[in-house]
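# Per-entry structural report
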Amino acid sequence: VSEDLKTELANELWASTPGLSLSKVKEQMFYKVGLADAVDLFRTRRVFIKDGFAYVPFKEIDAIVLNNYRTKLSKALALTARSLPSIQSDERLQPLLNHLSHSYVGPDYSVQKNTGKISLEQIDALSVKSFPLCMRQLHKALRDSHHLRHGGRMQYGLFLKGIGLTLEQALEFWKKEFIRGKVDADKFDKGYAYSIRHNYGKEGKRTDYTPYSCMKIIMSNPPSQGDYHGCPFRHSDPELLKQKLQSYKIPPSGITQILELVKGMHYQLACQKYFELTHEVDDIGFSLNHPNQYFTESQRLLSGGREPKKELSNSGNSQQKNNSQESMNLNSTPTSSNTTADTELEGLEAYFTED
Ligand code: SF4
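No experiment lies behind these values; they were computed from the predicted model shown.

## Structural notes on the overall build of the chain
Counting its regular elements, the chain contains 19 helices and three strands. Taken across its 355 residues, the chain has 40% of its residues classed as buried. In the chain, once contacts between residues fewer than 6 apart in sequence are set aside, the share between residues at least 24 apart is 63%. For the chain, the computed accessible surface area is about 19900 Å², with 54% contributed by carbon and sulfur atoms.

## Side note on the sheet that holds strand β3 (residues 53–57)
In a beta sheet, neighbouring strands are held together by backbone hydrogen bonds and run either parallel or antiparallel to one another. One open sheet accounts for three strands, arranged β1-β3-β2; its pairing is antiparallel. Of all the strands in the sheet, just β1 (30–34) and β2 (48–50) have a single pairing partner and so form its edges. Averaged over all pairs of adjacent strands, the angle between their axes in this sheet comes to 30°, without regard to strand direction. As paired strands, β2 and β3 are joined by three bridges and run antiparallel to one another. Bridged to phenylalanine 48 within β3 is tyrosine 55.

## Considering the site of the ligand
Around the ligand lies a shell formed by Pro132, Cys134, Cys214, Ile217, Cys231, Pro232, Phe233, Gln268, Cys271 and Pro291. Every element with two or more residues in the shell around the ligand is listed here: α12 (214–219), α13 (232–235) and α16 (267–279).

## Some words on the pairing of β3
For β3, the buried fraction is high: four of the five residues fall into the buried class. Between β2 and β3, which pair antiparallel in sequence order, lie two residues; one of them, aspartate 51, sits at a positive phi of approximately 50°.

## Quick word on the confidence of the model for the chain
Of the residues in the chain, 85% reach a pLDDT of 70 or more, and the chain-wide mean stands at 83. At the low end of the mean pLDDT range in the chain sits helix α18 (residues 314–330), at 36; at the high end sits α13, at 98. Low confidence marks residues 309–355, where pLDDT is under 50. Its contacts with residues over four positions away, or in another chain, come to 74 contacts.

## Some points on the pattern of salt bridges
Within the structure shown, the criterion is met by 16 salt bridges. Across the pair aspartate 124 and arginine 143 runs a salt bridge, and its minimum N-O distance is 2.9 Å. Here aspartate 124, found in helix α7 (residues 123–129), pairs with arginine 143, found in helix α8 (residues 133–145); they are 19 residues apart in sequence, far enough to count as distant. Accessibility classification places aspartate 124 together with arginine 143 in one group, the buried group. Two residues, glutamate 172 and lysine 176, come together in a salt bridge whose shortest N-O distance is 3.4 Å. Taken together, the positions of glutamate 172 and lysine 176, both in helix α10 (residues 167–178) and four residues apart, correspond to about one turn of that helix. On the basis of relative accessibility, which here comes to 43%, the residue lysine 176 falls in the partly exposed class. Within this structure, Asp124, Arg143, Glu177 and Arg180 form a network of salt bridges that share partners.

## Some points on the packing of α10 against helix α11 (residues 185–199)
α11 packs onto α10 with a crossing angle of 140° between their chain directions and a minimal axis gap of 10 Å. Relative to α11, the element α10 lies oblique. Where α10 crosses over α11, the two elements pack in a sense that is right-handed. Counting all contacts with α10, which are made through Leu167, Ala170, Leu171, Trp174, Lys175 and Phe178, the residues of α11 involved are Ala185, Phe188, Asp189, Tyr192, Ala193, Ile196 and Arg197. Residue composition of the contact of α10 with α11, by class: 10 nonpolar, no polar and three charged.

## Quick notes on the nonpolar core
Judged by nonpolar contacts, the single largest core of 52 residues is most densely connected at Ile123, Phe131, Tyr156, Leu160, Trp174, Phe233 and Tyr274. Looking at this core element by element, the count peaks at six residues for α8. Those residues in contact with tryptophan 174, other than ones at most four positions away along the chain, are Leu142, Leu148, Arg153, Tyr156, Gly157, Leu160, Phe188 and Ile196.

## A look at unusual backbone geometry
Comment: phi is negative for the bulk of residues other than glycine, and the bulk of peptide bonds are trans. One non-glycine residue, arginine 45, lies in the positive phi region at around 55°. Taking the relative accessible area as the measure of exposure, arginine 45 reaches 72% and is therefore exposed. Its identity as a non-glycine residue notwithstanding, methionine 265 has a phi of 65°, on the positive side. Structurally, methionine 265 can be placed in the loop between α15 (252–263) and α16. On the basis of relative accessibility, which here comes to 59%, the residue methionine 265 falls in the exposed class.

## Section: the side chain of glutamate 203
With respect to the helices and strands, glutamate 203 occurs in the loop between α11 and α12. Under the relative-accessibility criterion, glutamate 203 is labelled buried at 18%. A distance of 2.8 Å separates a polar atom in the side chain of glutamate 203 from a polar atom in the side chain of arginine 197. If near-sequence neighbours (up to four positions away) are discounted, glutamate 203 is found in contact with Tyr194, Arg197 and His198.

Rules of the game
- Residues numbered from 1 in each chain as written.
- Predicted model: local features only at pLDDT ≥ 70, side-chain atom pairs only at ≥ 80, totals over all residues.
- Heavy atoms only, no water.
- Helix = DSSP H or I, 4+ residues; strand = E, 2+ residues; numbered from the N terminus.
- Buried < 20%, exposed > 50% of the residue type's maximum accessible area, 1.4 Å probe, protein only.
- Contact = heavy atoms within 4.5 Å.
- Areas by Shrake-Rupley, 256 points an atom, 1.4 Å probe, with all protein chains shown as cover.
- Pairing = 2+ DSSP bridges.
- Axes fitted to C-alpha atoms, helices over the stretch in contact; angles between N-to-C directions.
- Near = heavy atom within 4 Å.
- pLDDT = per-residue confidence, 0-100.
- Salt bridge = Lys/Arg side-chain N within 4 Å of Asp/Glu carboxyl O.
- Parallel < 35°, antiparallel > 145°, perpendicular 65-115°, else oblique.
- Left-handed = near helix turned anticlockwise from the far one by under 90°.
- Nonpolar A, V, L, I, M, F, W, Y, C, P; charged D, E, K, R; others polar.
- Core = buried A, V, L, I, M, F, W, Y, C linked by side-chain atoms within 4.5 Å.
- Polar contact = N/O pair within 3.5 Å; in protein donor to acceptor, adjacent residues only side chain to side chain.

Structure (structure tokens):
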């Protein structure tokens, strides 16, 4: 609706739109839509009607979009249900259909525009600030036991590749950690280095492997005893998950919400809730499908790309303190102080705002 028309109708808009003062009417954008599209608003007397059109304020436009989407979706579902028997009888399409609900169609994070932008000294601090729980768990297990089994090395190694570690950095990172455990340098070079080069497409079939999506992590290769890979929301015992979240100073109400989502098998939503609580935002603002997406969005947010919650709770402050503490504990080699790491991270966060 143009400014002129809005001024002309200001009194009517104000009188017919609950919750808006006259000054708010002047600030708010209005959309002129066909009455049929605004039946719900019309029925509950929340919209101004004139000459067969509804004047819908911006704050109510989601109801119109939602209705439209719902109508289109139910039409498409009805159509699909009708065509399904004939599609299912085609053997070529059957496997495709069976995997459709598990397939991941988002970015594969195989192109690392940020390659080489991360230093190995930053990883401890990043694992606390910006890694999803699955990768934070793997990183901690690696630092604690100086080893990860194959499933963990694949999941974590490819994630690190996706956030920008070069092959040389990856070799150095894994070797430094493994030789602090039971593996000597020679054994590392002969055994483990091959699979790292393999992940980077330098050995075997020379496939440039892509980091795993949430769906792949959740649906395949569940961890056994002694494994740390997988999705903690899917594969951890709820009591252990609760203890882990408590140790990360997630507030009790947040833990309850996360456990409820886990109980309903909404693992990615539980992870989104974890993101919101650890980043102090009310709404995550994206739909989570990939651990590398979690990392990129976290860096974007921490660099000031989005507004955090205005009021920081005490628990949030203690979370930050605790995070710093954990970061120090994780890094038993005194490579750099937290202050240095934080300074380095600032530059990195700025990098991730470039899109
Ligand atoms: Fe990792 Fe995805 Fe599970 Fe989150 S939902 S912990 S990103 S696998």
